[in-house]
Amino acid sequence: MAILLKQATALVIDDFQSMRSMLVGFLKAMEVASIDSAAHAKEALGLLATKKYDIVICDYSLGQGQNGQQILEEAKHKNYIGYSTIWVMVTAEKTMDMFMGAAETRPDDYLLKPITEAMLEARLNKLIEKKRSLEPVEKAVKSKDYQRAIALCDELLKKHTTGTQEIQRIKSDLLITTGDFSAAKAYFESILAVRSMPWAKTGLGKVHFLAKDFARAKEIFQEVLEENKMYLEAADWLSKTLDAMGDLEQAQNVLSKAMELSPNAVARQKNLADAAYKNGDLDLAQASYEKAIKIGQYSVYKSSSTYAGLAKVLTAKDDPEEALKVLDRTREEFKGDPEAALQTAVIEGMAYQKMGDPERAGEALAAAEELMRSQPAGVSAATTMDMANALFKLGKKDEACSLLENVVKNNHENAGIIKMVAAAFEDAGMGEEGGELIRKSSQEVVNINNQGVILANEGKFEEGIKLMRQALQNLPNNDLMLTNLCGMMIGLMSKKGKDDSLIFEARELLERVQKINPSNKKYSAYMSILNKLAPPA
Amino acid sequence: MNQEDIDFSDFIASSIHDMKNSLNIQIGFLEELMGECRNKVDGSMLGQLGHTIYEANRMNVNLIQILSLYKLGKSIYPMDIAEQSVKEVLDEVVLQNQSIMGFKGITVSVACDEDCYWYFDRDLVTGVLVNALNNAYNYTTDKIRVVAQVRDGMLEMRVEDNGRGYPKSLLQENVASNKGVSFSSGSTGLGFYFSSRVAGMHKNGGKQGALSIENGGAYGGGCFVLTLP
């Protein structure tokens, strides 16, 4: 981060030549060290990829192609810009998309036109000051020393400067990240006692959701929307909550309404399509996937699973020929993406099966199996389930069962996924055998874990670690096993002293746990032990 | 899309949006031109240029207000109530209008504590203040004062001038009520209507924002008062 405006490198993005030269002129007058400009998204992203900018001033609407928000999202996603980059969006009017999105894809500031030089300079200086004050917090977060980051936030909050809300947000996110739900809840409540703010109330609802108190979470999200119907993050969470409560129909309705208010949100449109598919509303699912593909064309949220979803719907609607066309397009658009290759192969199998061509269906699924073997940790439960369903239809029971067995072992404590597995067995007319297999597979995981716990109790940490590491090779996504392994590493270190490589490995394990199951209770406890063992620099 | 699908107000809104873009570029050029002319042309020409910019800004302010009202009316305005440094907001509003004020020889001062923070939608409140400044520009002799302080748990923002003050007839009317458009007096009432809508959009703990006008203040002229809970 440049300490002064005069040392900064800046990029101006605007499609209007006159606006561009005006903004460049302002920066020149401020004696900014280096100034580049771009007329459209492609040019801008090309520059962002090759040069590090301290300041980006970007017009929101850029005619055809990506808009300013989408450039920001892509630049963040591809790590072209870091936390220290100041991104100022210039806009003729306030738009939803800019600050209703996720916090990490929000611009640092936005300026309503017309812009004067004095105003721009004042804002930029304020932003530089703000970035500098948040630098230590960011450092602590990067080295995963969350306790220290929280303490630093408290210090900043005591000083009370501008940007209080941003610091409050960071602090509350950190409390959730460390799994300290009761502290997070108390913190949101203390903010809400002063004033009802939609972000804080949504945060409170999130905490209830993560603590699995769905009924209370639902109430809170509904309240947020009653007070401020444009706060659509609450709608996304409400839908998620309803889904978790098994009320799929309402979950879909909530997303439908949110889409009417903000028709260009790609991720939400896809969630709506998924919900409609789950509800068997195939027409809406098809329309929603199609729209998600269309509006996501220039977005980082463009995803192969949206295309795969559309192909799946078309197959279900007895139009496998059209599904195959969509799959061809998917392969074209996502060349070199292993996840996309797998998804397309699985659905291709389903489509050929529907067309009464078991031979080609078999070939497609064989290719899918090959792809699955080459990326064991990256395959989602949903794709695996699709695959198993397709294999059942082809009469390949053994393969299907072994896939489902794997899903169970990786997720033996996840009731929702286990229910889906049971349903897949039921559909294949194997309800009873399936139930037995689920019980046996879960038991197997429990046994390995118990064995590990016994070894740990006897102080045989090295043996326990070996056992767990081995088991995790086949079950990379089992959060219970991941936390137990981490616990044994901590045990070993408390006996034999700290070991930097073990600490590093343990932190990585915990990060995977956090990803798989954000509400894992042991996560926070282990993380704080690790932080005490090795206070990150 | 069928033609019937297009709501006429949507059509107006998108046209305004387009007009605003042109206007912004125009204002940018005018400011640039003024910078270049400052030392080259005589005072009366500069004054005319200043007035041109004032009128363009006024037009822009009106367009922003109409667009915001359109969105508020459709309940699609993204309200963003957040804690703001009041001093910072006031300084920026004054800075934005500095050049125009300069040409009429008007000095604008800001009176607000550095550590005064309050919760509001920055853009909407900025719009209200710019509107108030524009009014004061018309009525003042040569001084405008922008004051803000927290009083009885509410933030009070005042724009005071040293002109003759508001006429009695205007003071007697309730500015917060929508008195409608009067083509004969030339006043559309847009500024007041917008400002009172914005005041009303700010709510907290059962209290609501309010707008009022009075005569007096530090200079004994017109005072425009926005109170936010």
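You'll find chain B entered in an unreviewed UniProt entry as Sensor histidine kinase, with Ferrigenium kumadai given as the organism.

The name given to chain A in an unreviewed UniProt entry is Response regulator, and the organism recorded there is Ferrigenium kumadai.

Volume-wise, the second largest pocket comes out at about 640 Å³. Lining the second largest pocket are 22 residues, with A:E227, A:N228, B:M79, B:M201 and B:K203 sitting closest to its centre. By residue class, the composition of the lining of the second largest pocket is 8 nonpolar, 6 polar and 8 charged.

This part is about the interface of chain A and chain B. Contact with chain A, which involves 34 residues of that partner, is made by 38 residues of chain B. Taken over both partners, the interface formed by chain A and chain B buries close to 3,100 Å², and the fraction arising from carbon and sulfur atoms is 56%. There are 2 salt bridges connecting chain A and chain B. At the surface where chain A touches chain B, the tally comes to 5 residue pairs in polar contact (both at pLDDT 80 or more). Of all the elements in the fold, those that place two or more residues in the side of chain A that touches chain B are α1 (17-29), α4 (96-100), β5 (109-112), α5 (117-142) and α7 (164-177) of chain A. The greatest single-element share of the side of chain A that touches chain B, amounting to 5 residues, is contributed by α5(A).

Residues and elements named next belong to chain A. Residues annotated by UniProt as "modified residue: 4-aspartylphosphate" (unreviewed entry) correspond here to D59. For D59, a relative accessible area of 4% gives the class buried. Once residues within four sequence positions are removed from consideration, D59 is found in contact with I13, D14, D15, G68, V90 and K113.

Before going further, it helps to examine a nonpolar patch on the surface. Together, B:F8, B:F11 and B:I12 make up an exposed nonpolar region whose accessible area comes to about 330 Å². Here B:F11 lies in helix α1 (residues 8-37).

Another point: the packing of aromatic side chains. The description of an aromatic ring pair uses the distance of the two centres, along with the angle that the planes make with each other. All names here are of chain A. Tallied over the full model, the rule gives 10 aromatic pairs over all chains. Here a set of aromatic residues connected by ring pairs shows up, and it is made of F209, F214, F221 and W237. In this arrangement the basic side chain of K171 is found over the ring face of Y187, its NZ or CZ atom lying 4.1 Å from the centre. Residue placement shows K302 over the ring face of F334; its charged tip is 5.7 Å from the ring centre.

Looking now at the state of the cysteines. All chains considered together, the criterion is met by 0 disulfides over all chains. Take B:C116: it sits in no disulfide, and the sulfur closest to it among the cysteines is that of B:C112, at 4.3 Å.

A separate point is the side chain of B:E156. Residues and elements named next belong to chain B. With respect to the element layout, E156 can be found in strand β5 (residues 154-161). Residue E156 is classed as buried on the basis of its relative accessible area of 13%. Within polar-contact distance, the side chain of E156 engages the side chain of R151 at 3.4 Å. Those residues in contact with E156, other than ones at most four positions away along the chain, are V147, A148, Q149, R151, V225 and L226.

On to empty space enclosed by the protein, then. With the rule as written, the count across this model stands at 5 cavities of 30 Å³ or more. Counted as a void, the largest cavity has a volume near 480 Å³. Lining the largest cavity are 33 residues, and of these A:L112, A:K113, B:I64, B:Q96 and B:T126 lie nearest its centre. At the level of secondary structure, the elements contributing two or more residues to the lining of the largest cavity comprise β5 and α5 of chain A together with α1, α2 (43-73), α3 (86-103) and α4 (122-139) of chain B. In terms of residue count, the dominant contributor to the lining of the largest cavity is α2(B) (8 residues). For the lining of the largest cavity, the residue count by class is 15 nonpolar, 9 polar and 9 charged.

So, on to the confidence of the model for chain B. Residue and element names in this part refer to chain B. Averaged over chain B, the pLDDT score is 84; the fraction of residues at 70 or greater is 90%. Averaged pLDDT values for the elements of chain B fall to 78 in helix α5 (residues 168-172) and rise to 96 in β5. The model gives residues 180-186 a pLDDT under 50, and that stretch makes 3 contacts with residues more than four places away or in other chains. Predicted complex metrics record ipTM = 0.80 and pTM = 0.82.

So, on to the sheet that holds strand β4 (residues 143-151) of chain B. Residue and element names in this part refer to chain B. Read from one edge of the open sheet, 5 strands run β2-β4-β5-β9-β8, paired in mixed fashion. Where the open sheet ends on each side, the last strands, each with one partner, are β2 (107-111) and β8 (210-216). This sheet shows a mean twist of 15 degrees between the axes of neighbouring strands, independent of strand direction. When β2 meets β4, the two strands line up parallel, connected through 5 bridges. Pairing of V108 across the sheet is with I144, part of β4. The strands touched by α3 within the sheet are β2, β4 and β5, with β2 carrying the most contacts at an inclination of about 180 degrees. Strand contacts of α4: β2, β4, β5 and β9 (221-228), with the helix running at about 25 degrees to β5, the strand carrying the most contacts.

Cut-offs and rules
Residues numbered from 1 in each chain as written. Chains lettered and ligands numbered in written order. Predicted model: local features only at pLDDT ≥ 70, side-chain atom pairs only at ≥ 80, totals over all residues. Heavy atoms only, no water. 1 Å grid on protein atoms, 1.4 Å probe; cavity = no way out; pocket = protein on both sides within 12 Å on 5 of 7 lines; lining within 4 Å. Points joined across faces, edges and corners; volume = space filled by probe spheres on them. Nonpolar A, V, L, I, M, F, W, Y, C, P; charged D, E, K, R; others polar. Contact = heavy atoms within 4.5 Å. Buried area = accessible area lost by both parts, 1.4 Å probe. Salt bridge = Lys/Arg side-chain N within 4 Å of Asp/Glu carboxyl O. Polar contact = N/O pair within 3.5 Å; in protein donor to acceptor, adjacent residues only side chain to side chain. Helix = DSSP H or I, 4+ residues; strand = E, 2+ residues; numbered from the N terminus. UniProt positions renumbered as here; feature names shortened; annotations may be inferred. Buried < 20%, exposed > 50% of the residue type's maximum accessible area, 1.4 Å probe, protein only. Patch = residues over 30% accessible without salt bridge, like charges linked within 9 Å, V, L, I, M, F, W, Y side chains within 5 Å. Areas by Shrake-Rupley, 256 points an atom, 1.4 Å probe, with all protein chains shown as cover. Phe/Tyr/Trp six-rings, centres within 6.5 Å; stacked < 30°, edge-to-face > 60°. Lys NZ or Arg CZ within 6 Å of the ring centre and 35° of its normal. Disulfide = S-S within 2.5 Å. pLDDT = per-residue confidence, 0-100. Pairing = 2+ DSSP bridges. Axes fitted to C-alpha atoms, helices over the stretch in contact; angles between N-to-C directions.

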